[in-house]
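Structural overview for review
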Amino acid sequence: MNDKQIRYFPFHAINEFMNDDYRLKVIQQVLRDVEKLPGERRGRINALVRKYVSLPGFRNSAAAPLPMRVKGAVSAFSRYPDFAAQVLQGWSELKAGLRAQVFEMLKSRNWADLLPPEADRSKLPGFMTQWPKSETYDVLDQTYAELFPGEEVDNDDVRLMSVWLVNRLPYELFDEEGEQAEGEPEQ
């Protein structure tokens, strides 16, 4: 493999980095508030729910009660990269204030090559696999707390938004000189 090649994980690989309760919370929020999303995003999510979530008694699973849709969507989120990408993009749009703050935090930490916060990352091929070893979740949490004192934000939200905005999963850790480090990140 050429050292300059970029490796990607499909978007549903995020499941390996999320705990079950938090995944459920994110999916539930997006499906509950799908009507608050812009028309194109809302349409994509509802179309993918209809396509991937099969619920007995419902021809249109997007019209099923929220608890049923959420339960079916958890499986779809873990199996289909396009569904995971749309849910995550929708989640980031519903949390636009947090998205702007985390973007500012990442800029302050000198993350390079950041797309604008409002960019549709669901159109990307997936998550890049390399993550700076020094950028642990604890460091990101602390930086966020220092930059935005008094903000009551779940650390999992800051972490997921960071992963989404930088379009990377903390899988292949490297130090600042670019050498790969051994091991996987703490969660």
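Our subject in this report is the structure included herewith. (Residues numbered from 1 in each chain as written. Predicted model: local features only at pLDDT ≥ 70, side-chain atom pairs only at ≥ 80, totals over all residues. Heavy atoms only, no water.)

**Re the side chain of N167**
Following the sequence through the fold, N167 ends up in the loop between α7 (155-166) and β3 (168-174). The exposure class of N167 is buried, given its relative accessible area of 6%. (Helix = DSSP H or I, 4+ residues; strand = E, 2+ residues; numbered from the N terminus. Buried < 20%, exposed > 50% of the residue type's maximum accessible area, 1.4 Å probe, protein only.)

**Here we look at the sheet that holds β3**
An order of β1-β2-β3 is seen for the three strands of this open sheet, with the pairing classed as mixed. Every interior strand has two partners, whereas the edge strands, β1 (8-9) and β3, have only one. In this structure, β1 lies alongside strand β2 (residues 127-132), joined through two bridges in antiparallel fashion. Across the sheet, the residue bridging to Y8 is M128, located in β2. Packed onto the sheet, α7 meets β2 and β3 and runs at close to 115° relative to β2. (Pairing = 2+ DSSP bridges. Contact = heavy atoms within 4.5 Å. Axes fitted to C-alpha atoms, helices over the stretch in contact; angles between N-to-C directions.)

**Thoughts on the nonpolar core**
Core analysis: the biggest nonpolar cluster contains 52 residues, and I14, F77, F83, V102 and L106 have the highest contact counts within it. In this view, I14 contacts F77, L88, F127, L160, V163 and L169; residues no more than four positions away in its chain are not counted. (Core = buried A, V, L, I, M, F, W, Y, C linked by side-chain atoms within 4.5 Å.)

**Re the environment of V74**
Structurally, V74 can be placed in helix α3 (residues 66-79). With 84 residues separating them along the chain, V74 and V158 place their C-alpha atoms 21 Å apart. Residues in contact with V74, not counting those within four places in the same chain, are R23, L24 and I27.

**A closer look at the environment of Y8**
Structurally, Y8 can be placed in strand β1. Expressed as a C-alpha distance, the spacing of Y8 and L169, which sit 161 residues apart in the sequence, is 9.2 Å. The residues touching Y8, leaving out its near neighbours within four places in the chain, are P125, G126, F127, M128, T129 and N167.

**Considerations on the pairing of β2**
The buried fraction of β2 is high, at five of six residues. Where β2 lies against β3, four bridges are found, and the strand directions are parallel. When the bridges of β3 are listed, M128 appears paired with R168.

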